[in-house]
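Breakdown of the fold
Spelled out, the chains give:
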Amino acid sequence: MEPQPTADPRGTVETVFRIESPRIIAAVARTVRDVGIAEELAQDALVAALEQWPRDGVPDNPGAWLMATAKHRAVDLIRRRENYARKLAEIGRDLVTTAPPEEPSALHGPDDIDDDLLRLVFTACHPVLSPEARIALTLRLLGGLTTPEIARAFLVPEPTVAQRIVRAKRTLATKNVAFEVPYGPDREARLGSVLDVIYLIFNEGYAATAGDDWLRPALCEDALRLARVLSGLMPKEPEVHGLTALLEFQTSRAAARTGPLGEPILLKDQNRRRWNRMLIARGITALSRADATATGAPGPYALQAAIAACHAHAYTYEETDWKTIATLYGLLAARAPSPVVELNRAVAVSMADGPEAALEIVDAIAAEPALRDYHLLPSVRGDLLLRLGRRAQARAEFERAAGLTRNERERELLLRRATEAL
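Quick caveat: nothing in here was measured; it's all calculated off a predicted structure.

On to the overall build of the chain. What the chain contains, in helices and strands, is 18 helices and two strands. For the chain, the proportion of its 422 residues judged to be buried stands at 48%. Long-range pairs, those at least 24 residues apart, make up 65% of the contacts in the chain between residues at least 6 apart in sequence. Of the roughly 20500 Å² of accessible surface on the chain, 54% is carried by carbon and sulfur atoms.

Listed below in structure tokens is the structure:
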């Protein structure tokens, strides 16, 4: 079938590239062994699509077209390098004159995995990079996030994130970091960063920081798939199972989190019959594995999964065990303290002990620098004030939250709540 012209080919190109770029970069990086060059080649494929699709029409399988174009450019690059090396070898030294072959399966270790995306995650989480750089780079390469979106996720300035990404790619290249999933102690050392990366990618898909869509399901699917692969790869790691359980539980609500027009639906208003019970069952199984493999107190991801399990077990909003959730958030705050955890704990406390107790918690963290531009702080505060009958103050908080968010769907929701507050 001939490619068909579209009304907005450029928009189609950008949409497809955003979805497919992580897989393209990961596949090309396996060939060229350089994530920075792989990203450039993926961008070259994007430029080619922007030039050709408006003229020739969008191909039937645009993702495959972009992948093939990027791989062709990778092969061309390798051939150019070989031609240069061949000329140098004319003094008498024989050189290999073909592109690097695929690694034969016989050379793989018993616990190796043939997954380009996971290789990309572990490569970007190499110890030569700072923890912040590891996460920022992987969100950029694997999650397909823009620099502003990553900055929003980190609650730091955009130039800071841009510098981290540039320096991280340069460091991986200069240090000749292998594009691989490591073994033994090296794998263990990188696991924490890998889990953090997967979780942040999932969060960006679960509640997008910017754009017209509140959900980005492809990111959630990639994060959940990677978590499941890790669970099979590292069956004795409780936090791997904890993260997997958390993502299974969270994903189970996806169909109920938006309305027919893509508008957000708050937890208390969701139709729980639309929650995916198969995913909830998978979450319960993964959480059981986390408990069975733990040798001490549960880790942060296992605790968050236990919180999500409380929601999953409640068939109605009114049946939610808020006392247990508030207790679990207290344990999480002690294990992994952060202003965001405290904000979430305040929400649970508001349901267990009332809005006044929760407002004290929120006001105590309101001056935290990390929350200065965090729209959920005034959103939560607005909800608490509304429940206390302080409607004018609640409206002001909802309006402030709407001004801080960069997601159009969320802004609409917050403005509607501001209007309803009076």
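I198, L230 and L247 are the most contacted members of the largest nonpolar core, which has 84 residues in total. When residues in this core are grouped by element, the largest group, 10 residues, is from helix 1 (residues 9–32). Residues in contact with L230, not counting those within four places in the same chain, are L118, F122, L191, V194, L195, I198 and V240.

Let's shift gears to the pattern of salt bridges. In a structure, side chains of opposite charge can pair up when their charged atoms sit close to one another. The full count for this structure, using the stated rule, is 19 salt bridges. Of the charged contacts, one joins E248 and R228 as a salt bridge, the two residues approaching to 2.8 Å between their closest N and O atoms. Within this pair, whereas E248 is found in helix 10 (residues 238–252), its partner R228 is found in helix 9 (residues 217–233), the two being separated by 20 residues in sequence. Take E248: its relative accessible area is 2%, and that puts it in the buried class.

Here the focus is the side chain of R381. Tracing the chain through its elements places R381 in helix 16 (residues 376–387). Residue R381 is classed as buried on the basis of its relative accessible area of 18%. There is a polar contact of 2.9 Å between the side chain of R381 and the side chain of E397. Those residues in contact with R381 that sit more than four places away from it in its chain are L359, V362, D363 and E397.

Cut-offs applied
- Residues numbered from 1 in each chain as written.
- Predicted model: local features only at pLDDT ≥ 70, side-chain atom pairs only at ≥ 80, totals over all residues.
- Heavy atoms only, no water.
- Helix = DSSP H or I, 4+ residues; strand = E, 2+ residues; numbered from the N terminus.
- Buried < 20%, exposed > 50% of the residue type's maximum accessible area, 1.4 Å probe, protein only.
- Contact = heavy atoms within 4.5 Å.
- Areas by Shrake-Rupley, 256 points an atom, 1.4 Å probe, with all protein chains shown as cover.
- Core = buried A, V, L, I, M, F, W, Y, C linked by side-chain atoms within 4.5 Å.
- Salt bridge = Lys/Arg side-chain N within 4 Å of Asp/Glu carboxyl O.
- Polar contact = N/O pair within 3.5 Å; in protein donor to acceptor, adjacent residues only side chain to side chain.

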